[in-house]
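Observations on chain architecture
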Amino acid sequence: MNIIIQSSIYTLSKSKQLLCSLSNEDLSNHSVSPYYSCIGSHIRHILDFYDCIIDGVDNATIDLTQRKRDERMHTDCNYTLSHVERIIDTLKRFDNYSFTKHYVVCDDLGIGKVDIMYTLGAVLAQANSHAIHHYAIISYILDRLEIPMKDESFGYNPTTPRQIVS
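This report concerns the structure included in the present document. These figures come from a predicted structure and were not determined experimentally.

Where helix α1 (residues 3–21) meets helix α4 (residues 77–92), the closest approach of the two axes is 10 Å, and the angle between their N-to-C directions is 165°. Taken together, the axes of α1 and α4 are roughly antiparallel relative to one another. Read as a crossing pair, α1 and α4 show a hand that is left-handed. On α4, the residues that touch I5, S8, I9, L12, S13, S15, K16, L19 and C20 of α1 are C77, T80, L81, V84, E85, I87, I88, L91 and K92. In the contact of α1 with α4, the residues fall into 11 nonpolar, four polar and three charged.

Okay, here's the thing in structure tokens:
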């Protein structure tokens with residue numbers, strides 16, 4: 001299996017572990033400042049990114065602005081878990097695709113939509129890094145809600161230097 005797919009599956013599996021440890025109330029808790037977002041909204045956002053890739057891969061056009069924004073994922077751990085599992089299962093079948101083939105990726109970088117040429121490998125690597133970034137935000141929320149996270153690597157990019165606490 002391609003290392004980019006393996007990495008994405010490894011990263012998304014962390015969502016599965018998290019969802020299995022949370023209550024629906026924890027998933028939807030909006031009480032943490034400064035943004036008052038919930039864990040569910042961040043997981044939904046991660047999954048939306050992957051869904052955009054999955055939806056566009058067969059026609060070589062991936063529109064990252066066409067997110068589904070299914071708000072039920074903000075409130076229902078089991079429902080969200082089923083979406084994580086669906087995306088992982090779909091990614092396992094991506095070995096049939098060329099990771100060097102070019103795709104048109106549409107995104108809004110802040111001042112309007114733009115089409116950018118990516119390889120499939122590049123957009124999947126971006127999705128993986130994007131997920132880790134949102135895991136860091138989720139870690140902050142978990143900390144403020146005093147919910148322990150057993151995975152000490154959750155939210156850390158593998159290249160981030162670690163401070164040794166004595």
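Resuming the write-up.
Attention now moves to unusual backbone geometry. Backbone torsion omega between S33 and P34 reads 10°, so that peptide bond is classified as cis. Even without a glycine there, the phi angle at R69 is positive, about 50°. Position of R69 relative to the elements: it lies in the loop between β1 (61–63) and α4. The phi dihedral of E146 is positive, around 60°, even though this residue is not glycine. One can find E146 in the segment after α5 (120–144). Its relative accessible area of 72% is what places E146 among the exposed residues.

Let us look at α5. If you check α5, its first and last C-alpha atoms are 37 Å apart, about what 25 residues at 1.5 Å a residue would give, namely 36 Å. E146, located one to two residues past α5, shows a positive phi value of around 60°.

Let us now look at the layout of surface pockets. Computed from the structure, the largest pocket encloses a volume of approximately 160 Å³. Lining the largest pocket are 14 residues, with Y10, K14, I132, Y156 and P158 positioned closest to its centre. Listed by contribution, the elements that provide at least two residues to the lining of the largest pocket are α1 and α5. It is α1 that provides the largest number of residues to the lining of the largest pocket, a total of four residues.

For the rest of this paragraph, the subject is the packing of helix α3 (residues 39–56) against α4. The axes of two packed helices give the description: the angle between them and the distance between them. The N-to-C vectors of α3 and α4 enclose an angle of 35°; their axes lie 11 Å apart at closest approach. The element α3 and its partner α4 pack so that their crossing is left-handed. Every residue of α4 that contacts α3 at I43, L47, Y50, D51 and I54 is listed here: T80, H83, V84, R86, I87, T90 and L91. In the contact of α3 with α4, the residues fall into seven nonpolar, three polar and two charged.

Here we take up the environment of N59. Following the sequence through the fold, N59 ends up in the loop between α3 and β1. Sequence separation between N59 and Y118 is 59 residues, and the spatial gap between their C-alpha atoms is 14 Å.

Here the focus is the state of the cysteines. Covalently bonding the sulfur atom of one cysteine to the sulfur atom of another cysteine gives a disulfide. Summed over all chains, the structure comprises zero disulfides. The closest cysteine sulfur to the non-disulfide-bonded C38 is located on C77, 10 Å from its own sulfur. For C38, a relative accessible area of 0% puts it in the buried group. Cysteine C77 remains unbridged, with the sulfur of C20 as its closest cysteine sulfur at 8.5 Å.

Reading the values: rules and limits
- Residues numbered from 1 in each chain as written.
- Predicted model: local features only at pLDDT ≥ 70, side-chain atom pairs only at ≥ 80, totals over all residues.
- Heavy atoms only, no water.
- Axes fitted to C-alpha atoms, helices over the stretch in contact; angles between N-to-C directions.
- Helix = DSSP H or I, 4+ residues; strand = E, 2+ residues; numbered from the N terminus.
- Parallel < 35°, antiparallel > 145°, perpendicular 65-115°, else oblique.
- Left-handed = near helix turned anticlockwise from the far one by under 90°.
- Contact = heavy atoms within 4.5 Å.
- Nonpolar A, V, L, I, M, F, W, Y, C, P; charged D, E, K, R; others polar.
- Buried < 20%, exposed > 50% of the residue type's maximum accessible area, 1.4 Å probe, protein only.
- Expected span 1.5 Å × (residues − 1).
- 1 Å grid on protein atoms, 1.4 Å probe; cavity = no way out; pocket = protein on both sides within 12 Å on 5 of 7 lines; lining within 4 Å.
- Points joined across faces, edges and corners; volume = space filled by probe spheres on them.
- Disulfide = S-S within 2.5 Å.

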